[in-house]
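# Analysis of the macromolecular model
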Amino acid sequence: MTPGIDLQGTFIESVKGFGIPPGAAKALWMPLPMVVMLVVATLGVFTMVWLERKISAAAQQRIGPEFIGPLGILAPLADGLKLVFKEDTVPAKADSLLFLLGPVIVVLPVFLSYLIVPFGENIVMADVGTGVFLWIALSSVVPIGLLMSGYASNNKYSLLGGLRAAAQSISYELPLALSVLAIVMMSNSLSTIDIVHQQSGYGILGWNIWRQPVGFLIFWIAALAECERIPFDLPEAEEELVAGYQTEYSGMKFALFYIGSYVNLVLSALLFAILYLGGWEFPVSVSVIANAIGVSENTPWLQVLTGTLGIVTTLLKAYFLLFLAVLLRWTVPRVRIDQLLDLGWKFLLPVSLVNLLLTAGLKLAFPSAFGG
């Protein structure tokens with residue numbers, strides 16, 4: 001296993017070389033992860049919006065955006081500029097403070113969750129020991145913002161959308177958390193980096209998707225419901241609730257909901273790749289590749305190459321899941337709200353609980369095969 005890169009230590013030592021005191025160097029580092037996280041998440045949103053338009057067009061045998069930049073790549077930027085410059089209105093009888101705070105509470109936890117996502121060997125903004133639990137805790141804050149937005153709008157459709165969003169998030173958070181707990185139990189760690197390390201060494205055969213076939217299905221279904229993707233977009237079902245909790249929003253406040261939805265989808269795909277598809281690990285082990293070409297794993301150029309390809313591998317795995325999410329949008333019909341809640345409470349929750357108990361039993365019986 002190649003040694004990781006201490007990004008914080010390297011940055012501080014480099015800055016100290018210019019004669020800056022250690023305290024000041026650390027103060028300069030503190031905002032840097034947040035800025036990088038914002039840039040990465042925003043680029044992910046632009047890419048996802050463009051991909052959704054092109055994949056949706058292909059699914060419907062259309063061309064999609066073509067003339068706003070090469071192959072329409074500037075279409076997401078045009079959308080963003082339009083929303084930034086649109087008039088930002090507040091309904092006359094709305095609760096202005098809650099109306100403002102709602103979108104912020106929805107978006108902020110999702111952006112913060114990117115801090116624990118490793119894109120490569122220790123290429124992570126914050127290697128938190130309890131990273132997985134931090135993500136689950138942050139995701140549980142989002143329903144408060146959705147309910148707050150629906151209530152503050154003083155609109156019956158918005159209120160119904162907010163109530164649906166809160167009920168849906170709570171229903172699918174429990175199966176999601178239980179499926180992740182099974183991975184944590186197998187990895188003996190809550191760190192996202194440790195979870196990827198636990199899947200290394202055997203190539204594609206070591207990925208958790210083979211040891212947790214039920215868990216990965218539960219995770220993906222629950223993640224789609226959390227992101228309110230079709231067929232689980234009941235909180236903003238246009239035919240029933242106009243636009244749900246977003247009905248009264250415009251301008252930059254609406255843009256926050258728009259951004260938050262796509263940021264959350266990209267985050268879910270990245271976490272799925274890390275938890276179940278080996279993260280930055282290749283389908284073939286690096287040691288096997290090194291032995292095949294007759295070089296050592298510690299060769300500098302090989303470490304740089306594997307590090308770069310590791311980031312590309314993580315992104316490709318996430319892209320595959322995003323492709324499936326977009327394809328589902330034009331393949332599966334929307335479910336009813338009672339069917340949605342029945343699926344979460346009556347099926348996914350008991351199945352995820354049985355999966356967790358079964359994982360615990362197998363871990364005790366076969367500790368070498370299940371991360372003992």
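Residues numbered from 1 in each chain as written. Predicted model: local features only at pLDDT ≥ 70, side-chain atom pairs only at ≥ 80, totals over all residues. Heavy atoms only, no water.

In this section: the overall build of the protein chain. Scanning the protein chain from terminus to terminus reveals 16 helices and 0 strands. Burial statistics for the protein chain: of 372 residues in total, 46% are counted as buried. Relative to all contacts within the protein chain whose residues are 6 or more apart in sequence, the contacts with residues 24 or more apart total 77%. Surface accessibility of the protein chain: about 17800 Å² in total, with carbon and sulfur atoms responsible for 72%. (Helix = DSSP H or I, 4+ residues; strand = E, 2+ residues; numbered from the N terminus. Buried < 20%, exposed > 50% of the residue type's maximum accessible area, 1.4 Å probe, protein only. Contact = heavy atoms within 4.5 Å. Areas by Shrake-Rupley, 256 points an atom, 1.4 Å probe, with all protein chains shown as cover.)

The next thing to look at is the environment of Asp 127. Its location among the elements puts Asp 127 in the loop between helix H5 (96-113) and helix H6 (131-139). Assessed through its relative accessible area of 47%, Asp 127 is described here as partly exposed. For the pair Asp 127 and Asp 194, spaced 67 residues apart in sequence, the C-alpha separation works out to 9.7 Å. Setting aside residues up to four positions removed in sequence, Asp 127 forms contacts with Ser 191 and Ile 193.

Inspection of the entire model under this criterion finds 1 cavity of 30 Å³ or more. Lining the largest cavity are 22 residues, and of these Val 110, Val 142, Glu 226, Cys 227 and Asn 264 sit closest to its centre. At the level of secondary structure, the elements contributing two or more residues to the lining of the largest cavity comprise H5, H6, helix H7 (142-152), helix H8 (156-187), helix H11 (213-226) and helix H13 (251-276). In terms of residues, the lining of the largest cavity owes the most to one element, H13, which gives 6 residues. Partitioned by chemical class, the residues of the lining of the largest cavity number 12 nonpolar, 8 polar and 2 charged. (1 Å grid on protein atoms, 1.4 Å probe; cavity = no way out; pocket = protein on both sides within 12 Å on 5 of 7 lines; lining within 4 Å. Points joined across faces, edges and corners; volume = space filled by probe spheres on them. Nonpolar A, V, L, I, M, F, W, Y, C, P; charged D, E, K, R; others polar.)

This part takes up the packing of H6 against H8. The interhelical angle for the contact between H6 and H8, taken along N-to-C directions, is 175°, at an axis separation of 11 Å. With respect to H8, the element H6 is oriented roughly antiparallel. Only Glu 173, Leu 176, Ala 177, Val 180, Leu 181 and Val 184 of H8 make contact with H6, whose side of the interface consists of Val 132, Phe 133, Trp 135, Ile 136 and Ser 139. The residue makeup of the contact of H6 with H8, split by class, is 9 nonpolar, 1 polar and 1 charged. (Axes fitted to C-alpha atoms, helices over the stretch in contact; angles between N-to-C directions. Parallel < 35°, antiparallel > 145°, perpendicular 65-115°, else oblique.)

Glancing now at the packing of H5 against H13. Where H5 contacts H13, the two axes come as close as 9 Å, and the packing angle between them is 25°. In terms of orientation, H5 lies roughly parallel with respect to H13. In this structure, H5 meets H13 at a crossing whose hand is left-handed. Where H5 abuts H13, its residues Phe 99, Leu 100, Pro 103, Val 104, Val 106, Val 107, Val 110, Phe 111 and Ser 113 lie against Lys 253, Leu 256, Phe 257, Ile 259, Gly 260, Val 263, Asn 264 and Leu 267. Of the residues in the contact of H5 with H13, the class split is 13 nonpolar, 3 polar and 1 charged. (Left-handed = near helix turned anticlockwise from the far one by under 90°.)

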